[in-house]
Amino acid sequence: MALAALLLAVPAANAQKVNESAFLAKIQKSDADIADAKKNIKASTWINRGKLFCDIAAEPTKNLFINMDAAMLKLAVGEPASTGSAEVGGQACETWEYPYFTAYIANNKLLTWKQKKAIVADAPAQAIEAYNKAYELDPKQGEKIKAGLKQVSDFCSQVGNAGLDSGDYIGAADAFAEAFRAQSGPAYGQPDPVLLYYAGYLRTIDGATHPESFVMGADYLNKALDLGYADEEGNIYYYLFHCYYGQKANDPAFVLRSKDTLLAGIEKFPKNERILDGLMQLYTSEEGVGDPADLVALIDAAIAENPENVDLWFGRGRTFYALKNYDESIKSFAKVVELQPELFEGNYYLGVFYTIKGDALNKELNEKQYSSQAAYDADLKAVNEVYLAAVPWFEKAHQIKPQDADTLEFLKQLCFRLRDEEGIMEKYNTYNTLYKQVKGLE
C-alpha cells in the first residue's frame, strides 16, 4: 500500500524521452575511432562500438516488460501521445501511442507492444558486426565479446516474442533470425537452432499472406534441421512441408519435395497427426504422388522392425482412419492398448473408432430400403453391437482421466442411444451427472 501511494504521489513524465542526438553524437565518435588507424586495430574500440549499437537498439523499449502495470508504464516512459483500441490475439486492448512504439493494454497490464521506429534501423546488425570484428582482433577478449553478443541476441529474442504476441509475424521472424546471427559469431560458440525454428515457423504462418515467406521459412527450417534440431513433436517437418507446398505454383517439383519432407518426418515421428494429415492431403489431392496405401506399407515395414513401438501403431490407426478403413483403425488401436493398457489416448481413440464405425453402419442402415421388420431389426442389432463395443474403452479412458469432458460426453451419448440395452440406462444417468459436474452445469 505504501508503494502504491508513492507511485501515485510521483507525477508521470509528460512524454517518452529518448535522447537521439546524444546517441548520434556517440556514433560519430565511434565512426571517427574506427577510422583512426591506431584505434581501429584495438579490440576495445570495436567492443565499445558493439555495446553502443546494442544500447541504441534497446533504448526505445528498454523499460518495457510483459504484464507491466499500466501505471508503472506511464511512470517509466510518460503519458501516451494518444490512445485507441485494437484486438490482439482475440483480446480487446487499449492502444497507447508513443513515439517509438505502440503499447497494448489489457486489464491494466501491458499485454505486448510493437516498435514502430528505431534510432538506427540496423543497430543490432551493426552491434554484431562490431563484436565479431573485436574477436577477430583479439580472441582473448572472447568472454566479454560473447556477453555482448548475448545481450544482442536476448534483445532480438524479446522483439521476436513481442512481435509474436502482437501478430507482427514478419517482424518477429526477422528478430529471431537476427538473434540467431548474434549467436553465430565465432566468440559465442554453439548457436541455438530453436531461434531458426521460431523464425521458420513464423514465416510459414505468414506465407499464406506473403508467398515469398515460404522461401525464407524453408531456408530457416532446413538450417535448423542441419544443426540437428527437431522440436519434441516433430512439427518442424510439417511446417517445412507447407513451405515447399506453398511454392508448387512456381515449380511442380516442390510437391515431391514436400512429400519427401513429410516421409522423413513420419519416419521419426510416426504419431504426429499433422504430418499424417499432410501426407493424406498429398496422396489424395495431388496426381503422381502415390497411392495412399503406400503409407500403410511404409508404417507396416517400420512395425515389422519394431513391433512394440506404440507410436507406430498409433500412426497406423490414424492412417487407416483417413482411409476410412475403420476395422484396421480399431485393430491398430487395440494393439496400442495391448502394449500400454493405461494410456488414455489409446483407450479413448479405440472408443472413438468403434463409434465412428457405428456411425458409418448406422448411416447405411438409414439409407437402406427394407422389406421386412426382421431384416431391419437384425441390422440395427449389428449397429448397436458396434456402439456397445465402444463403451468399455471410453469407461477405461474415464478411469484414467476422470475429468475429461469429451470422454464423458461420448459415454452419455452412447448410453442414451443404447438405453434399452440391459444396465445401460443406469450408466447413462451416471455419466450424464458426471458430465454436468465437469462442465459446471450443476
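See the structure shown above.
First, a word on scope: everything that follows refers to the structure included in this document. (Residues numbered from 1 in each chain as written. Predicted model: local features only at pLDDT ≥ 70, side-chain atom pairs only at ≥ 80, totals over all residues. Heavy atoms only, no water.)

Let us now look at the overall build of the chain. Tallying secondary structure elements over the chain gives 20 helices and four strands in all. Here the chain has a C-alpha radius of gyration of 30 Å; the compact-globule value for 442 residues is 22 Å, and the former is much larger. For the C-alpha atoms alone, the extent of the chain along its principal axes is close to 100 × 55 × 40 Å. When each of the 442 residues of the chain is scored for burial, the buried share is 43%. (Helix = DSSP H or I, 4+ residues; strand = E, 2+ residues; numbered from the N terminus. Rg over C-alpha atoms; globule rule 2.2 N^0.38 Å. Buried < 20%, exposed > 50% of the residue type's maximum accessible area, 1.4 Å probe, protein only.)

For strand S3 (residues 101-106) and strand S4 (residues 109-115), the ladder comprises six bridges, and the chain directions are antiparallel. Bridging across to S4, tyrosine 104 finds its partner in threonine 112. Here S3 hands over to S4 after two residues, with asparagine 107 in that stretch at a positive phi of 55°. (Pairing = 2+ DSSP bridges.)

Put simply, helix H18 (residues 373-400) and helix H20 (residues 424-438) touch, their axes get as near as 13 Å, and they point 40° apart. Taken as a pair, H18 and H20 cross one another with a handedness that is left-handed. Judged by residue contacts, Leu388, Glu395 and His398 of H18 engage Ile424, Lys427, Tyr431 and Leu434 from H20. Of the residues assigned to the contact of H18 with H20, the class counts are four nonpolar, one polar and two charged. (Axes fitted to C-alpha atoms, helices over the stretch in contact; angles between N-to-C directions. Left-handed = near helix turned anticlockwise from the far one by under 90°. Contact = heavy atoms within 4.5 Å. Nonpolar A, V, L, I, M, F, W, Y, C, P; charged D, E, K, R; others polar.)

By secondary structure assignment, the location of threonine 95 is in strand S2 (residues 91-97). Residue threonine 95 is classed as buried on the basis of its relative accessible area of 8%. A distance of 3.4 Å separates a polar atom in the side chain of threonine 95 from the backbone nitrogen of serine 85. Filtering out sequence-adjacent residues up to four positions away, threonine 95 remains in contact with Ser82, Thr83, Gly84, Ser85, Ala86, Thr102, Ala103 and Tyr104. (Polar contact = N/O pair within 3.5 Å; in protein donor to acceptor, adjacent residues only side chain to side chain.)

The next thing to look at is the environment of tyrosine 349. Following the sequence through the fold, tyrosine 349 ends up in helix H17 (residues 344-367). The class for tyrosine 349 is partly exposed, based on a relative accessible area of 22%. Between the C-alpha atoms of tyrosine 349 and alanine 293, which are 56 residues apart in sequence, the distance is 22 Å. Residues in contact with tyrosine 349, not counting those within four places in the same chain, are Glu273, Phe314 and Phe333.

Scanning the model with the defined rule gives zero disulfides in all. Counting only cysteine sulfurs, cysteine 54 is the nearest neighbor of cysteine 156, a cysteine outside any disulfide, at a range of 8.2 Å. (Disulfide = S-S within 2.5 Å.)

So, on to the sheet that holds S2. Strand order across the open sheet formed by four strands is S1-S2-S3-S4, with antiparallel pairing between neighbours. Each of the sheet's edge strands pairs with one partner strand only, and the pair in question is strand S1 (82-88) and S4. For this sheet, the mean inter-axis angle between neighbouring strands, taken without regard to orientation, is 30°. Packed on one face of the sheet, helix H5 (residues 70-77) meets S2, S3 and S4 and runs near 160° to S3. Contacts from helix H7 (residues 142-166) reach S1, S3 and S4 within the one sheet, and its direction differs from that of S4 by about 105°.

Another aspect to go through is unusual backbone geometry. The backbone phi angle of asparagine 67 is positive, close to 70°, even though this residue is not glycine. Mapped onto the fold, asparagine 67 is located in the loop between helix H4 (43-58) and H5. For asparagine 67, a relative accessible area of 53% puts it in the exposed group. In the Ramachandran plot, lysine 324 falls in the positive-phi region, its phi being about 65° despite a non-glycine side chain.

Our focus in this paragraph is the packing of aromatic side chains. In total, this model carries 25 aromatic pairs according to the counting rule given. Ring plane angle 40° and centroid distance 6.5 Å describe the contact between tyrosine 321 and tyrosine 326, whose orientation is recorded as tilted. On the accessibility criterion, tyrosine 321 (33% relative accessible area) is partly exposed. A relative accessible area of 16% places tyrosine 326 in the buried class. On the basis of an interplanar angle of 40° and a centroid distance of 5.8 Å, the ring pair of phenylalanine 333 and tyrosine 349 is categorised as tilted. One end of the pair, phenylalanine 333, is in helix H16 (residues 326-339); the other, tyrosine 349, is in helix H17, with 16 residues separating them in the sequence. Linked through ring pairs, Phe314, Tyr321, Tyr326, Phe333, Phe344, Tyr348, Tyr349, Phe353, Phe394 and Phe410 together constitute an aromatic cluster. Stacked on the ring of tyrosine 188, the Lys or Arg lysine 146 has its end atom at 5.5 Å from the ring centre. The aromatic ring of phenylalanine 344 is capped on one face by lysine 401, whose charged end is 4.2 Å from the ring centroid. (Phe/Tyr/Trp six-rings, centres within 6.5 Å; stacked < 30°, edge-to-face > 60°. Lys NZ or Arg CZ within 6 Å of the ring centre and 35° of its normal.)

We now examine helix H2 (residues 20-35). Taking 1.5 Å per residue, 16 residues should reach 22 Å; H2 reaches 22 Å between its end C-alpha atoms and fits that length. Residues of H2 that are buried: Phe23, Ile27, Ser30 and Asp33. Each buried residue of H2 sits inside an arc of 120° when the element is viewed along its axis, so together they form one side. Exposed side chains of H2 directed beyond 90 degrees from the buried face belong to Ser21, Gln28, Lys29 and Ala35. Where H2 is buried, its residues touch helix H3 (37-40) and H4. (Expected span 1.5 Å × (residues − 1). Arc of directions from axis to C-beta.)

Buried together is how nonpolar side chains tend to be arranged in soluble globular proteins. Core analysis: the largest hydrophobic core is formed by 94 residues, its most contacted members being Ile56, Leu73, Phe101, Ala103, Leu110 and Val152. A total of nine residues in this core trace back to one element, the largest contributor, which is helix H11 (residues 235-245). Here leucine 73 is in contact with Leu64, Met68, Gly78, Trp96, Tyr98, Ala103, Ile105 and Leu110, once residues within four sequence places are set aside. Leu365, Leu408, Leu418 and Tyr435 belong to the second largest nonpolar core, which has 20 residues in total. (Core = buried A, V, L, I, M, F, W, Y, C linked by side-chain atoms within 4.5 Å.)

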